[in-house]
Amino acid sequence: HIGSSTGIDTFAFHQNKPTGLTNVALGGGMPSIFYPDKCIVLPFNLYCTKEKKILSIKSYLNLLLKLQKKYFLDRFEIEYQKKFKVKYISNSEDEIYNLIHETELLSRNKLKLKKNDQVLQKKFWNIYPDKWFAPSIRNAIFNKKENQILVSPYYLRKYKNLLYS
């Protein structure tokens, strides 16, 4: 199943179908406790209009934590994108194409991560918080100990500089 966290994906989640998700917002947009065992996400990038660059994963997450603490929100709605001078960048055609291919391989148990891909996965998850709480319900919607999500290997190779800045 390929989706974009719009609601229809919950059918695949309940059936525990291998799933690829596009345009995933980090933080509250990635509630892994609801995801199937085999899931690949393709995150939005967050572009800083003031600095005219894509923010590093660490900067993106730190900004989300500020938003959550001050406004009790877990993603940048349009009003807060303007306030924080950021905007989400939708996934490109090549990223979505590769997600489809990766999800198809995952569904057949044929997705094999190369050593470099494993290093990039580890680097991403070392940056990501151990738990992410939904401000509205104050419960953890992400728990790293239970996490089985893969970030698209293609995405991590394409944007590896965002993991190291």
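Residues numbered from 1 in each chain as written. Predicted model: local features only at pLDDT ≥ 70, side-chain atom pairs only at ≥ 80, totals over all residues. Heavy atoms only, no water.

Digging into the overall build of the protein
Reasoning step 1: A tally of regular secondary structure across the protein gives 6 helices and 9 strands.
Reasoning step 2: Within the span of the protein, comprising 165 residues, buried residues form 47% of the whole.
Reasoning step 3: Look at the contacts in the protein between residues 6 or more apart in sequence, and 60% of them connect residues 24 or more apart. (Helix = DSSP H or I, 4+ residues; strand = E, 2+ residues; numbered from the N terminus. Buried < 20%, exposed > 50% of the residue type's maximum accessible area, 1.4 Å probe, protein only. Contact = heavy atoms within 4.5 Å.)

Side note on the packing of aromatic side chains
Reasoning step 1: Tallied over the full model, the rule gives 10 aromatic pairs.
Reasoning step 2: For the pair Tyr155 and Tyr159, a centre-to-centre distance of 5.0 Å together with 50° between the ring planes defines the contact as tilted.
Reasoning step 3: An aromatic cluster is defined as three or more aromatic residues linked by ring pairs; in this entry it consists of Phe44, Tyr60, Tyr71, Phe76, Tyr80, Phe84 and Tyr88. (Phe/Tyr/Trp six-rings, centres within 6.5 Å; stacked < 30°, edge-to-face > 60°.)

Re the environment of Ile40
Reasoning step 1: On the secondary structure map, Ile40 appears in strand 3 (residues 39–43).
Reasoning step 2: Between the alpha carbons of Ile40 and Gly20 there is a distance of 4.8 Å; along the sequence they are 20 residues apart.
Reasoning step 3: If near-sequence neighbours (up to four positions away) are discounted, Ile40 is found in contact with Thr19, Gly20, Leu21, Leu99, Glu102, Thr103, Leu106, Leu111, Leu150, Val151 and Ser152.

As for the side chain of Ser56
Reasoning step 1: Checked against the element boundaries, Ser56 lands in the loop between strand 5 (53–54) and helix 2 (57–71).
Reasoning step 2: The residues contacting Ser56, other than those within four sequence positions of it, are Leu162 and Ser165.

Side note on the sheet that holds strand 6 (residues 86–89)
Within a sheet, neighbouring strands are paired by backbone hydrogen bonds and run either parallel or antiparallel to one another.
Reasoning step 1: Overall, antiparallel pairing links the 3 strands, which are arranged 5-4-6 in an open sheet. Edge positions in the sheet fall to strand 5 and strand 6, since each of these pairs with one other strand and no more.
Reasoning step 2: Pairing of strand 4 (residues 45–48) with strand 5, which is carried by 2 bridges, proceeds in the antiparallel orientation. The residue bridging Cys48 from the neighbouring strand is Lys53, located in strand 5. (Pairing = 2+ DSSP bridges.)

Observations concerning helix 2
Reasoning step 1: In a regular helix each residue adds 1.5 Å, so 15 residues correspond to 21 Å; helix 2 covers 21 Å between its end C-alpha atoms and thus fits that length.
Reasoning step 2: A positive backbone phi angle near 55° is found at Phe72, which sits one or two residues after helix 2. (Expected span 1.5 Å × (residues − 1).)

Some points on unusual backbone geometry
Reasoning step 1: Notably, Lys52 is not glycine yet its phi reads approximately 55°, a positive angle.
Reasoning step 2: Mapped onto the elements of the fold, Lys52 is located in the loop between strand 4 and strand 5.
Reasoning step 3: Here Asn109, not a glycine, exhibits a phi torsion of approximately 55°, which is positive.
Reasoning step 4: Looking at the element boundaries, Asn109 is found in the loop between helix 4 (93–107) and helix 5 (115–127).

The quantities given are spatial measurements derived from coordinates; they are silent on function.
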